[in-house]
Amino acid sequence: MKKLQVMLMAGAMVFMLSSCGQTKNTEEHTDIVSDIPQSSKAADETNADGTSSVAENRDLPAADGKEDGAYDVLDSLVGEYSYTSDNGTGKLIIQKTSDGYDISDYESESSYRFLADSSNIETIEDNKIYIEYPELALSDDTVHFSYYILEYGTDGIDVYYGMTAPEKAQFLYHAIKQNGMDTQQGEINQSETAAVQFNPAVRENNDIELDDKLETDFSYDYSENIKADVDHVVSGSASLQEELENIEKVIQKYTPLAEAAQTQAEMNVSSQWFLVIWDAELNSLWNRFSNSADQQTKENILAEQRNWIDMKEEATLMSIGSSEENGSMYPLLVNSYLEEITKNRAYVLANELAKITGEAFVMPERSAKYGLFVDNYETGSVYSSLVTRQGYSGDDEAVISIYRMGEITGTFVDNGNGELAFTSDGDGGSVKGIIKINGWDGASFTVTEASEESIVSVGEEFIFPFVF
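This is a predicted model, so every value here is computed, not measured. Position numbers for residues count from 1 along each chain, tracking the sequence in the order it is written. The predicted origin of the model limits local features to residues at a pLDDT of at least 70 and limits the giving and counting of side-chain atom pairs to 80 or more, whereas totals for whole chains, interfaces and linings rest on all residues. Computation of side-chain values covers all heavy atoms of the structure but excludes hydrogens and water.

A. Broad picture of the overall build of the chain. Elements are defined by DSSP. Helices are runs of H or I of four residues or more, strands are runs of E of two residues or more, and each kind is numbered from the N terminus. Assigned secondary structure in the chain consists of nine helices and 20 strands. For the chain, the accessible surface area stands at approximately 20,900 Å², while carbon and sulfur atoms represent 46% of it. Each accessible area is a Shrake-Rupley result for a 1.4 Å probe, and residues are judged covered by the shown protein chains and nothing else.

Below you can see the structure in the form of structure tokens.
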């Protein structure tokens, strides 16, 4: 990409963490990027610094000592609530699912504050629902939690937030229940409305024009400008295919920032905005998909999306290495890599939304040689991985991790028939095999030769179905 080339030629981000308890606009994410649903994890053990080293789902807690009472409370609160936010009208949605309940807070159409479910509820007592929410999940299974309290009454729900403990929670807003959304029929109506809203037949086919007046200021926060530009593209595109293509016009608008960057700090700062653009588009697509999909489809894609978010940090480390390896260029490299995989994820989600709206949608071609593919056993953790890339010396490199037992590194040659012939560098034994990259469907590695000391055997085939 031109913008990355410009910054790299000069020598080339800000690796941004979320401001906990704030609405998660695209530039301030605890999980590096993308404010799409995070996996719901609850701690069995909590460390002194508020982190947890063990996280797993729990049963819904009792309400005032009565197990059925918790469900009665949540049943009575199911529906959509509105509140006034900095960006207009926010939504607090409590929805019954096959696994329990989802509690979601959308501060705007393209950002959310939290996406919780039954497993995040600590207790329900004194008309208050106590939620322990995983703000950040690290690759070593450490989880950082924040706390929300939903105090319900006859006139709506008061929401409170505490960064480190529920007793430190402070008032955020008062949400009022909307009519017609307190039953399952209301959810059906919402889906039907969304299906009409995002039907390509009712979109206007406008030629997208953006205000291209952009003042170069590396200290300025462009996030709201970007959100407005993305919203303009969404509303003005005649189809999802056209929408994704038009996002490139937003990229072009902010490219002069990268071109104007002279210092490493400026390069790092300017590189983040391209990530923010695709993150805003991904959030927008998720909101529309969530409103349009049936419950089972939504839950399936939500689980996949949460896994993607949980694995991003580890995927970034596997693909570009550590900050120690890359020096002052590391933030730029992180932003550029996250931009790439967030764009890929936006296309995946757009394809799912197109299936619902009945639109024709064509996925872009992926590289036949390079990429990151993992086997995550449908979880948020990487168990096996395959990374293919071009090394600094120009050689084609591959790093293969098998079931966390060990790593095989080496080079590969493109045979020209869809097969990449891999040869290990000798560390941990001699291994040869064939890598096949299957576009958006993942990749595979088949062992053709292996020494006795290697961690694999001849004839073994390893599948990496999850694509970044």
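B. Spatial organisation of the pattern of salt bridges. We count a salt bridge whenever a side-chain nitrogen from Lys or Arg sits within 4 Å of a carboxyl oxygen from Asp or Glu. For the structure on display, the rule yields 13 salt bridges. K253 serves as the salt-bridge partner of D229, at 3.0 Å between the closest nitrogen and oxygen. Taken together, the positions of D229 in helix α4 (residues 223–236) and K253 in helix α5 (residues 240–260) put the pair 24 residues apart, joining distant regions of the chain. Between K369 and D396 there is a salt bridge, with the nearest N and O atoms lying 2.9 Å from each other. Linking K369 in the loop between α9 (330–357) and β12 (371–375) with D396 in strand β14 (residues 396–402), this pair joins segments that are 27 residues apart in sequence. Residue classification places D396 among the buried positions, given a relative accessible area of 11%. The rule is simple: take the accessible area with a 1.4 Å probe, protein chains only, and divide by the maximum for that residue type; under 20% is buried, over 50% is exposed, in between is partly exposed.

C. Expanded view of the environment of D425. Mapping D425 onto the fold places it in the loop between β16 (420–424) and β17 (431–437). A relative accessible area of 45% places D425 in the partly exposed class. Here the alpha-carbon distance between D425 and T411, two residues 14 residues apart in the chain, equals 7.4 Å. Any two residues having at least one pair of non-hydrogen atoms within 4.5 Å are treated as being in contact. With near-sequence residues (within four places) excluded, D425 lies in contact with T409 and G410. Polar contacts involving the side chain of D425 include one to the side chain of T409, which spans 2.5 Å. Pairing of N or O atoms within 3.5 Å defines a polar contact, subject to two protein rules: one partner must be a possible hydrogen donor and the other a possible acceptor, and residues neighboring in sequence count only if both atoms are side-chain atoms.

D. View of the nonpolar core. Formed by 84 residues in total, the largest nonpolar core has its most connected members in L92, I103, I129, I131, L150, I277 and F468. Excluding residues that lie within four positions of it along the chain, I131 makes contacts with I103, A116, N120, I121, S146, Y147, Y148 and L150. Of all hydrophobic cores here, the second largest spans 19 residues; its members include L386, A398, I408 and V431. To qualify as a nonpolar core, a set must consist of buried Ala, Val, Leu, Ile, Met, Phe, Trp, Tyr and Cys residues joined through side-chain atoms within 4.5 Å.

E. Expanded view of the packing of α5 against helix α6 (residues 264–292). Inter-axis angles, ranging from 0 to 180 degrees, are taken between N-to-C directions of lines fitted to C-alpha atoms, where helices are fitted over the stretch in contact. For the pair α5 and α6, the least separation of the axes is 9 Å and the interaxial angle reads 165°. One way to sum up the angle between α5 and α6 is to call them roughly antiparallel. In this structure, α5 crosses over α6, and the sense of that crossing is right-handed. Only E266, S270, W273, F274, I277, W278, E281, L285 and R288 of α6 make contact with α5, whose side of the interface consists of L240, E243, L244, I247, E248, V250, I251, Y254, T255, L257, A258 and A260. Polarity classes work like this: nonpolar for Ala, Val, Leu, Ile, Met, Phe, Trp, Tyr, Cys and Pro, charged for Asp, Glu, Lys and Arg, and polar for all others, with Gly in that last group. The class makeup of the residues in the contact of α5 with α6 is 14 nonpolar, two polar and five charged. Angle categories: roughly parallel below 35 degrees, roughly antiparallel above 145, roughly perpendicular from 65 to 115, and oblique for all the rest. Rotating anticlockwise by less than a right angle from the far helix to the near helix defines a left-handed crossing, while the corresponding clockwise rotation defines a right-handed one.

F. Just a nonpolar patch on the surface, in detail. A patch consists of residues exposed above 30% relative accessible area that lack any salt bridge, with like charges linked at up to 9 Å and nonpolar side chains (Val, Leu, Ile, Met, Phe, Trp, Tyr) linked at up to 5 Å. The grouping of Y377, Y403, M405 and I455 at the surface amounts to a nonpolar patch, some 410 Å² of accessible area in total. By secondary structure assignment, the location of Y403 is in the loop between β14 and β15 (406–414).

G. Broad picture of the side chain of S146. Here S146 is to be found in strand β9 (residues 143–153). Relative accessible area serves as the criterion here: at 0%, S146 is assigned to the buried category. In this structure S146 touches I131, E132, Y133, E135, Y161, G162 and M163, once residues within four positions along its chain are discounted.

H. Examining the sheet that holds β16 more closely. For two strands to count as paired, DSSP must find a minimum of two bridges between them. Pairing is antiparallel across the open sheet formed by nine strands, whose spatial order is β19-β18-β17-β16-β15-β14-β13-β12-β20. What marks the edges here is a single partner per strand, and that holds for β19 (461–464) and β20 (466–467). Here β12 runs beside β20; their pairing, made up of two bridges, is antiparallel. Across the sheet, F373 pairs through a bridge with V467, a residue of β20. The strands touched by helix α7 (residues 295–320) are β12, β13 (384–390) and β20; relative to β12, the strand with the most contacts, the crossing angle is about 125°.

I. Region of the structure containing the packing of α6 against α7. At a minimum axis separation of 11 Å, α6 and α7 run at an interaxial angle of 155°. Classified by the interaxial angle, the pair formed by α6 and α7 is roughly antiparallel. Considering how the two elements wind past one another, α6 and α7 form a crossing that is left-handed. Each of L282, W286, F289 and S290 in α6 lies in contact with α7, whose residues at this interface are T297, K298, I301, L302, Q305 and W308.

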